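Observations on the model geometry
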Amino acid sequence: MTTSLPASPGHGHTGESHQNHTLTGFIIFLCSESVIFLAFFSGFALLKTSALNWLPPGVEGLEWRMPLINTVVLVSSSGTIWLAEILKARGQLWGFRSLWLLTMALGAYFLYGQAVEWSGLSFGLTSGVFGGTFYLLTGFHGLHVATGVLLMGLMLVKSFIPGNYLKGEEGVQATSLFWHFVDVIWIILFVLIYVWQRH
Amino acid sequence: MTSATFPASEPKPSWTRYFSFNTDAKVIGIQYIVLSFFYFLIGGLLAMIIRGELITPAADLVDRTVYNGIYTMHGTIMLFLFIFPVLNGLNNLLIPTMIGAPDMAFPRLNAVAFWLVPIFGTLLIASFFVPGGPAYSGWWSYPPVSIQNPLGHLVSGQGLWLTAVALSGVSSIMGAVNFVTTIIRMRAPGMSWFRMPVFCWTALAAQSLQLIGLPALTGGAAMLLFDLVAGTSFYRPEGGGDPVLYQHFFWFYSHPAVYVIILPVFGVFSELFPVYSRKPLFGYVYVALASFIIVGLGLVVWVHHMFPSGVAQWMRNLFMVTTMLIAVPTGVKVFAWLGTLWRGKLRLTTPMLFCLGGLFNFVFAGITGIMLATVPVDIHVSNTYFVVGHFHYVIYGAAVMGVFAAVYHWFPKFTGRMPYEGLGKLHVLLTFVGANLNFLPMHPLGLMGMPRRVSSYDPEFAFWNVLASLGAFLLGVSIIPFLLNMVSSWVRGPKATHNPWNAIGLEWLLPSPPPEDNFGEHVPIVISRPYGYGTDQPLVENQEAIEHQLILKEASA
Amino acid sequence: MTSSSPRLRPLPLLGLGLWVGLLVLISIWMSHQAYRWLPVQASTAAPLVDGLFSFETGVGTFVFLGVISVMAWVVLMHRAEKYDESDAEPIEGNTRLEVIWTAIPLVLVMAIAAYSIRVNTTLGVLGPMEHIHLHDPVEQQGGYPGDRLPAETVEVIARQWSWEFRYPDAGVSSTELHLAFNQPVTFRLVSDDVIHGFYIPAFRLKQDVIPGTAIDFNLTPTREGRYRLRDSQFSGTWFAANQADVVVETDDAHAAWLKQAAAQPLQPGISDAVEEYATRGRKANPGWATVPPAPPPQVNVPGSNRLPHDA
């Protein structure tokens, strides 16, 4: 297992310095990931519009105020992560870290809010097609929020490593892109599940 | 003025690297290809049992439950453990070398994607041994029959099937991200889009389809798994679910999946016909662009698999029209190949014969495809052996023959040995005759009304079934010269030069086999279109010097 | 770099013309042969479907033989000499040809599509579809050849693994489908368990039966005889054995059959699956787990699915 040439560890692009394709790859991955949400959304819409009895017996509808607060929290966290990136670009690492941590806290609160909502619901995963799609959509999204918070944690730790950003900051950019993605998905989800409530 | 220099001597890499977590795309490529042929043999064995059962009308060879499990796993293994991995293997070998990159964009991700294959492959094979046996509802796994779970266990063959398919999806998406990023970002200097070989165009097109289509299958399959093990009702009518919804999710991916299979084969034909006709590819730009028209149209035809499922008439007409349209860019490619062959100087080597045979079978399959696209005919023949015949003509008759062509053609480059031509030609002959004998009789069977997936049939169908089974056994035999050839040439075949076929392409400017980082830092600058046969134009700057170096090295070896 | 098309000399042109003429003749012949590959025509749909298939066979034969002719020609006439390693002419393309071989296939497939849409509309077999227990708006009106209203309604219940046919007007049920010659009939297709396929090859008609829905399906049989009804959508272990017979008889014979059937007491109908399941435990290799078959439907007339059938 030899590398015959000095310098480049095998990643190189001739003539140019070591190029990092992480962001390109990550964007491509996100485009693909969005399709699975699209599939769940269209399944939800199709099942809802063709259902004979959409809501399970005893369920009148979904409470939307708490989820609305959660939505505001999540959307704000997109704002804070954006601000964090601006501060980082200006070299204010501690400002970046604080706003980054704030974003994580907002994300964690969203998850907490989701758990509270789930525990207060009178229907379960197996309560017909309504229960199934509700928990599938919110659960899959919640999984992405949790992943985002974890990724942010990882980036936060790495921000303390000296010289971490010399080779570029694609990790931070990718994580931030992921977070915005998770936010947009939630907005669509919120409209579909909580706003579009009709019998 | 630097000419390419290669290290004076490299320690010969150990064969054990093929069994390790190695990040070199060329090693991963071989791993994919060899592993997939291992599963090809298992899937083929299952096919022999199927045809053994069907050589007589009664269900007298194996129990019906066993037959259903076997035909389900035959399809599943051939698709997820053979054809998709072997094509990824070709991608790994060919994409970096054809575009002058040292490796894939994400080498470790590449290795992870490969190692997922033996993992989900083991899961799938293991499903034969769980109580209740493997999944038994066809490779489609339509609910409600697929979620009936007779034993009611949490771990069932169908559950393992769904898990394996989900992992396969993860592996494929990893690969797709890698291949697409590599093609977009790592081409050699001077290699603009329209100086890129067609194989890379079709790979880009195919992998784009994977990225767009697979998540829909994953989503639909996840919901099926929930229905199976968690008591949800996404597809259960009694809970308000819709079984046909699954079919939409399934086919939204699985139709483009067939283009994922055939597009790289189109790429192989487009690469090989010029070499073995000594002529440029006719209409290279149109061939390249047609790949993406196929991608676009391929995403909007899926309902043609569901014509009898109860979808509305307007939907059937719409998808019939979109399906017919795909014939046009496909025809552009077929005519381009004919134009390449015309007035060429043909060399009927093994790879060329596989391509010619594959083209022959593909045109036949295309015609039955047009028949299947028209709703009134499809209503009669859907879910019959007519469809089984059609898709086996495409998959075995065209795609597998294309894969064999690629293996023989690039074998010298990546192993450094020449394959034996005599065994190769025997392989072509047995394959071509066997495939036609096996799959042509399926068409009258379907027209007469024999459904597919049956473990027994009415006696009037016996004659064509006997012929089909004989063809299948011949196909089984045809693998023998292939395996013999591969093993013995790799171990003790004549050494290959850097360009035994006198072909034009960046990969042929590398030694056989190439060093770990291919061109490394000394990537040649591309100065002309590909397939410049007869133009006397060099492909890259300083081509003569590069060739000279290679020849010197071979002479001193 | 493109080359202009070769100068067209009279003799090769004549040869080409003769060859094309030969291909046309073979294609026409094949289009007639196509009818022989299909079962007897036993419904109003059959001639329409067969006509379309025959047309496609003719066109397809011509295209296939055309391409193969080119391939055969080049393999025979354009081979490299034994030790000739040189290149051929560097012909890179021809825009005019590209346009021609894009436009002609486009026109051709659109013509076939238009023909098919016409046939599809004439067939008009799919009737209203509704979810059970609720009257939803009608999805689509079916049309009937000859503008006649359906004469009979038959409810078809598909199960794992049997077919039950109920004649609500006559109060009759059977596991053998009886239809009156030349009389339109509407089927109401329901499934008790999984998706099945209602497929009668002699009629050229097929419709999946989806649990949770009732699908209306119309046809008119046009030939007396006994035909096979086969399950065409994989439905589990005894899928292949889920076959019933369809008897098309004269109006009078049909009325007589219904009358005598109504007088029969209910008895177990045909289910090959039930028979096989009973002997399964005694086999040396009983195979893997299976859903047990539903009990055979209780019907007035079981009929038979072992008699010789026409298609």
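Residues numbered from 1 in each chain as written. Chains lettered and ligands numbered in written order. Predicted model: local features only at pLDDT ≥ 70, side-chain atom pairs only at ≥ 80, totals over all residues.

Details of the overall build of chain C
Regarding its fold elements, chain C presents five helices and 13 strands. Residue pairs at least 24 apart in sequence account for 76% of intrachain contacts in chain C once pairs closer than 6 positions are excluded. (Helix = DSSP H or I, 4+ residues; strand = E, 2+ residues; numbered from the N terminus. Contact = placed C-beta atoms within 7 Å.)

Digging into the overall build of chain B
Each helix and strand counted, chain B has 16 helices and zero strands in total. Over its C-alpha atoms chain B spans a radius of gyration of 24 Å, differing by no more than 12% from the 24 Å that the globule rule assigns to 557 residues. Looking at the 557 residues of chain B, the share that counts as buried comes to 69%. Intrachain contacts of chain B at a sequence separation of at least 6 include 83% that bridge at least 24 residues. (Rg over C-alpha atoms; globule rule 2.2 N^0.38 Å. Buried ≥ 20, exposed ≤ 12 C-beta atoms within 10 Å, placed from the backbone.)

Topic: the pairing of strand β10 (residues 225-231) of chain C
Residue and element names in this part refer to chain C. Counted residue by residue, β10 has five buried out of seven residues, so it is predominantly covered. Here β10 pairs with strand β11 (residues 243-249) via six bridges, running antiparallel. By the bridge assignment for β11, Leu-229 is matched with Ala-244. (Pairing = 2+ DSSP bridges.)

Structural notes on the interface of chain C and chain B
At the junction of the two partners, chain C supplies 82 residues and chain B supplies 85 residues. At the level of secondary structure, the elements contributing two or more residues to the side of chain C that touches chain B comprise α2 (45-77), α3 (95-123), β1 (126-131), β7 (196-200), β8 (205-209), β9 (213-219) and β10 of chain C. When residues of the side of chain C that touches chain B are assigned to their parent elements, the largest contribution, 14 residues, is made by α2(C). Looking at side-chain class alone, the side of chain C that touches chain B contains 48 nonpolar, 19 polar and 15 charged residues. (Nonpolar A, V, L, I, M, F, W, Y, C, P; charged D, E, K, R; others polar.)

A look at the packing of helix α5 (residues 198-229) of chain B against helix α6 (residues 243-277) of chain B
Residue and element names in this part refer to chain B. Interhelical geometry of α5 versus α6 gives an angle of 160 degrees and a closest axis separation of 8 Å. One way to sum up the angle between α5 and α6 is to call them roughly antiparallel. Of the two elements, α5 crosses α6, and the hand of that crossing is left-handed. Here the residues of the contact of α5 with α6 are counted per class, giving 24 nonpolar, eight polar and one charged. (Axes fitted to C-alpha atoms, helices over the stretch in contact; angles between N-to-C directions. Parallel < 35°, antiparallel > 145°, perpendicular 65-115°, else oblique. Left-handed = near helix turned anticlockwise from the far one by under 90°.)

Some details on the sheet that holds strand β5 (residues 177-180) of chain C
All names here are of chain C. Judged by pairing direction, the sheet is mixed, and its five strands sit side by side in the order β5-β11-β10-β7-β8 without closing on themselves. Two strands in the sheet have a free side with no partner beyond their single neighbour: β5 and β8. Within the sheet, the average angular offset between the axes of one strand and its neighbour, ignoring direction, is 25 degrees. Pairing analysis gives four bridges linking β5 to β11, with the strands arranged parallel. Bridge assignment links Ala-180 to a residue of β11, and that residue is Glu-249. Across the sheet, helix α4 (residues 251-262) touches β5 and β11, and the angle it forms with β5 is around 140 degrees.

Examining helix α1 (residues 22-50) of chain A
If you check α1(A), its first and last C-alpha atoms are 42 Å apart, about what 29 residues at 1.5 Å a residue would give, namely 42 Å. When α1(A) is considered as a whole, its buried residues turn out to be A:Gly25, A:Ile28, A:Ser32, A:Val35, A:Ile36, A:Phe37, A:Ala39, A:Phe40, A:Gly43, A:Phe44 and A:Leu47. (Expected span 1.5 Å × (residues − 1).)

Quick look at unusual backbone geometry
Between B:Ser512 and B:Pro513 the backbone carries a cis peptide bond, its omega angle lying at -5 degrees. Relative to the helices and strands, B:Pro513 is located in the loop between α15 (462-492) and α16 (543-556). For the bond running from C:Gln160 to C:Trp161, omega is 5 degrees, close enough to zero to count as cis. Mapped onto the elements of the fold, C:Trp161 is located in the loop between β2 (152-159) and β3 (162-167). Of note in the backbone geometry, B:Asn149 takes a positive phi value of approximately 45 degrees without being a glycine. Assignment of secondary structure puts B:Asn149 in the loop between α3 (107-126) and α4 (157-185). The phi dihedral of B:Arg278 is positive, around 55 degrees, even though this residue is not glycine. Relative to the helices and strands, B:Arg278 resides in the loop between α6 and α7 (284-298).

Overview of the domain arrangement of chain B
Residue and element names in this part refer to chain B. Along its sequence, chain B is organised into domain 1 (22-196) and domain 2 (504-557). Each of domain 1 and domain 2 has a C-alpha centre, and the two are 34 Å apart. Counting residues at the interface gives 16 residues for domain 1, matched by 17 residues for domain 2. Here the side of domain 1 that touches domain 2 takes five residues from helix α2 (residues 64-99), the largest share from any one element. Its residues assigned to classes, the side of domain 1 that touches domain 2 shows nine nonpolar, three polar and four charged. (Domains from an automatic or database assignment.)

Quick look at the nonpolar core
Ranked by internal contacts, the top residues of the largest apolar core, which has 312 residues, are B:Ile83, B:Ile99, B:Cys200 and B:Ala399. With sequence-adjacent residues up to four places away left out, B:Ile83 is seen in contact with B:Met78, B:Ile261, B:Ile395 and B:Ala399. (Core = buried A, V, L, I, M, F, W, Y, C linked by C-beta atoms within 7 Å.)

Let's talk about the environment of B:Leu509
Residue and element names in this part refer to chain B. You can see Leu-509 is positioned in the loop between α15 and α16. Residue Leu-509 is classed as buried on the basis of its C-beta count, with 23 C-beta atoms lying within 10 Å. The spacing of Leu-509 and Glu-547 is 38 residues in sequence and 6.8 Å in space, taken between C-alpha atoms.

Brief notes about the environment of A:Val73
All names here are of chain A. Tracing the sequence through the fold places Val-73 in helix α2 (residues 65-89). As a C-alpha pair, Val-73 and Leu-106 span 33 residues in sequence and 6.1 Å in three-dimensional space. Ignoring anything within four residues of it in the chain, the contact list for Val-73 reads Leu-106, Tyr-109 and Phe-110.

Quick look at the domain arrangement of chain C
All names here are of chain C. Assigned domains of chain C: these are domain 1 (11-74 + 96-123) and domain 2 (127-283 + 290-299). Computed over C-alpha atoms, the centres of domain 1 and domain 2 are 36 Å apart. At three residues, α2 tops the list of elements feeding residues into the side of domain 1 that touches domain 2.

Describing the environment of C:Phe181
Residue and element names in this part refer to chain C. Following the sequence through the fold, Phe-181 ends up in the loop between β5 and β6 (185-191). Its 17 C-beta neighbours within 10 Å are what place Phe-181 among the partly exposed residues. A C-alpha to C-alpha distance of 27 Å links Phe-181 and Gln-33, two positions 148 residues apart in sequence. For Phe-181, the residues in contact, after removing those within four places along its chain, are Pro-221, Glu-224, Val-248, Glu-249, Thr-250 and Asp-251.

Structural notes on the packing of helix α4 (residues 128-158) of chain A against helix α5 (residues 170-195) of chain A
Residue and element names in this part refer to chain A. Their axes nearest at 10 Å, the elements α4 and α5 cross at an angle of 160 degrees. When the interaxial angle is binned, α4 and α5 end up roughly antiparallel. Pair α4 / α5 crosses with left-handed handedness. Two secondary-structure elements touch here, α4 through Phe-134, Leu-137, His-141, His-144, Val-145, Gly-148, Leu-151, Met-152, Met-155 and Lys-158 and α5 through Gly-171, Val-172, Thr-175, Phe-178, Trp-179, Val-182, Ile-185, Trp-186, Leu-189 and Ile-193. Here the contact of α4 with α5 is composed, by residue class, of 14 nonpolar, five polar and one charged.

A few points about the confidence of the model for chain C
Residue and element names in this part refer to chain C. Per-chain confidence: chain C averages 89 in pLDDT, with 89% of residues scoring 70 or above. Ranking the elements of chain C by mean pLDDT puts β1 last with 43 and β10 first with 98. Interface confidence for the predicted complex, given as ipTM, is 0.94, next to a pTM of 0.93. (pLDDT = per-residue confidence, 0-100.)

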